[in-house]
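Now for the letters of each chain:
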Amino acid sequence: MATLKDVARLAGVSVKTVSNVVNGYSFVKPDNRRRVEEALEATGYRPNLGARNLRRGRTGFIALVLPELSIPYFAELAGLVIAAAQEHEWNVLIEQTFGTLAGERSALASLGPHLVDAAILSPEALQDDDFQLSVPAVLLGEHAVDVPIDRVGIDNVAAAQTAVKHLISLGRTRIAAIGAHPHRGTAALRLEGYRTALEEASLPFVDELVVPALNYHRADGAAAMKSLLDLSTPPDAVFCFNDLLAIGAMRAAAERLVRVPSDLAVVGFDNNEESAYSSPSLTSVAPDKTAIARAAVDLLHRRVEARDDALEDVQTPFSLLVRESTVAR
């Protein structure tokens, strides 16, 4: 295995110069940098990250704390966080909490500088007093907690409004919502966006058209849709707070011979890969998951490097991808 001395000997420079190039320092003469880079390539030198992190007082790991990896949004996001972390030579430890207060408290209690350099958190049950952190952290999404912590996410109210306005533009007037939840901050914000869009169109907010979901799985969406179809006047459209709820809702509609989209238009949220391949394909709010992952990891890196003291609330883009569940092809 090639060493710094091997690289220095081949490049005709000092070991210190090689070290400066490997560590990304800018004060190396261009000709020396070129020779070192060529020698690095020729020798196949790879830095010992463990030793480097030990010298810098780092672990080389960050934590990613998520509710459920079985939900495609979080699984996809995890992959993107791993890719973004690799750019900073970080590995990622993933903790699954199932969205319970006990699970989230346990995950936070385990996060110390002996284990990770920083953490990305996506909690559902934590309260202000629970955020006792000993490492830098970034909060994913919008949550009703008042704590001094960096945040990255989309504007859930605006995203929900966009989804419901699309349904209204299609002439739908009895629009249901599936996914209300008493403890999920994002659910409250999406419900607010739903309500606001109805008000702006002078459409009534009807309590019986808002169906809660304890979990955001396909079965929950199917059960909610069946209850809506049992109403004396069923909805002609439904906004689901994630794609799995929407997929389940479309399955329940198909079992009742309700046609999507002619009888019932359906919009989901998250734009999981499944949404493009369902039948019919699902119109969905698409957060820029790559931007979310990159922004979260970059914020952590700045915090760990102590480059900035000001807290940040980064809003990343979203779009509405219109597919067959609202507009027949």
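Our subject is the structure that appears above.
Residues numbered from 1 in each chain as written. Predicted model: local features only at pLDDT ≥ 70, side-chain atom pairs only at ≥ 80, totals over all residues. Heavy atoms only, no water.

**Considerations on the nonpolar core**
Cut-off, in case you're wondering: Definition used in this section: a nonpolar core is a set of buried Ala, Val, Leu, Ile, Met, Phe, Trp, Tyr and Cys residues joined via side-chain atoms within 4.5 Å. In this scheme, a residue with accessible area under 20% of its type's maximum is buried, one over 50% is exposed, and one in between is partly exposed, where area comes from a 1.4 Å probe on protein chains only. Segmentation into domains, and thus their bounds, comes from an automatic or database assignment. Every residue pair with non-hydrogen atoms within 4.5 Å of one another is taken to be in contact.
Ranked by size, the top nonpolar core spans 75 residues in total, and within it Tyr 194 and Phe 239 carry the most contacts. Shared between two domains, this core holds at least three residues of each, these being domain 2 (57-153 + 289-317) and domain 3 (156-287). What Tyr 194 contacts, discounting residues up to four positions off in sequence, is Ala 160, Val 164, Ile 175, Ala 176, Ala 177, Phe 205, Leu 209, Val 210 and Phe 239. One finds Val 65, Leu 121, Leu 126 and Val 135 within the second-largest nonpolar core, a separate group that totals 16 residues.

**Some points on the sheet that holds strand 8 (residues 237-240)**
Inclusion rule: Here, any two strands with at least 2 DSSP bridges between them count as paired. Secondary structure elements follow DSSP: runs of H or I of four or more residues count as helices, runs of E of two or more count as strands, with numbering from the N terminus. Every angle, taken between N-to-C directions, lies between 0 and 180 degrees, and every axis is a line fitted to C-alpha atoms, over only the stretch in contact when it is a helix.
Pairing in this open sheet of 6 strands is mixed, and the strands run 7-6-8-9-10-12 from one edge to the other. Among the strands making up the open sheet, the edge pair consists of strand 7 (210-212) and strand 12 (318-321). The mean inter-strand angle of the sheet, taken between neighbouring strand axes irrespective of direction, is 15°. In this structure, strand 8 lies alongside strand 9 (residues 265-269), joined through 3 bridges in parallel fashion. When the bridges of strand 9 are listed, Val 238 appears paired with Val 266. Strand contacts of helix 9 (residues 218-229): strand 6 (175-180), strand 7 and strand 8, with the helix running at about 145° to strand 6, the strand carrying the most contacts.

**A few points about the sheet that holds strand 1 (residues 61-66)**
If you trace the 6 strands from one edge of the open sheet to the other, you get 2-1-3-4-5-11, paired in parallel fashion. Edge positions in the sheet fall to strand 2 (91-96) and strand 11 (313-315), since each of these pairs with one other strand and no more. For this sheet, the mean angle separating the axes of adjacent strands, direction not counted, is 20°. Pairing of strand 5 (residues 150-153) with strand 11 involves 3 bridges; the strand directions are parallel. Of the residues in strand 11, the one forming a bridge with Val 152 is Val 314.

**What to know about the environment of Gly 179**
Structurally, the position occupied by Gly 179 is in strand 6. Among the residues examined, Gly 179 registers a relative accessible area of 0% and is labelled buried.

**Re the environment of Val 297**
Assignment of secondary structure puts Val 297 in helix 11 (residues 289-304). Residue classification places Val 297 among the buried positions, given a relative accessible area of 0%. In this structure the C-alpha to C-alpha distance between Val 297 and Ala 119, which are 178 residues apart in sequence, comes to 9.0 Å. Those residues in contact with Val 297 that lie beyond four places of it in its chain are Ile 62, Val 81, Ala 84, Ala 85, His 88, Trp 90 and Ile 120.

**Comments concerning the pattern of salt bridges**
Put simply, the test is: Salt-bridge detection follows one rule: a side-chain nitrogen of Lys or Arg within 4 Å of a carboxyl oxygen of Asp or Glu.
Per the counting criterion, the structure on display carries 16 salt bridges. With a closest N to O distance of 2.6 Å, Arg 34 and Asp 31 form a salt bridge. Of the two residues, Arg 34 and Asp 31 both sit in helix 3 (residues 30-43), 3 residues apart, roughly one turn of that helix. Between Arg 256 and Asp 230 there is a salt bridge whose closest N-O contact spans 3.1 Å. One end of the pair, Arg 256, is in the loop between helix 10 (243-255) and strand 9; the other, Asp 230, is in the loop between helix 9 and strand 8, and 26 residues separate them in sequence. Several salt bridges converge on common partners, so that one network encompasses Asp 31, Arg 34, Arg 35 and Glu 38.

**Thoughts on unusual backbone geometry**
Cis geometry marks the peptide bond from Val 260 to Pro 261; its omega dihedral reads 10°. Mapped onto the elements, Pro 261 comes out in the loop between helix 10 and strand 9.

**Considering the packing of aromatic side chains**
Quick reminder of the rule: When two rings of Phe, Tyr or Trp (its six-membered ring) have centres within 6.5 Å they constitute a pair, described as stacked for plane angles under 30 degrees, edge-to-face for angles over 60, and tilted for the intermediate range.
Evaluated as defined, the whole model comprises 4 aromatic pairs. Ring geometry for Tyr 73 versus Phe 74: centroids 5.3 Å apart, planes at 75°, classification edge-to-face. Looking at Tyr 73, the relative accessible area reads 13%, which means it is buried. For Phe 74, a relative accessible area of 11% corresponds to the buried category. Considering the side-chain rings of Phe 239 and Phe 269, the 6.4 Å spacing of their centres and the 50° angle between planes classify their relative orientation as tilted. Of this pair, Phe 239 sits in strand 8 while Phe 269 sits in strand 9; the two residues are 30 residues apart in sequence, bridging distant segments of the chain.

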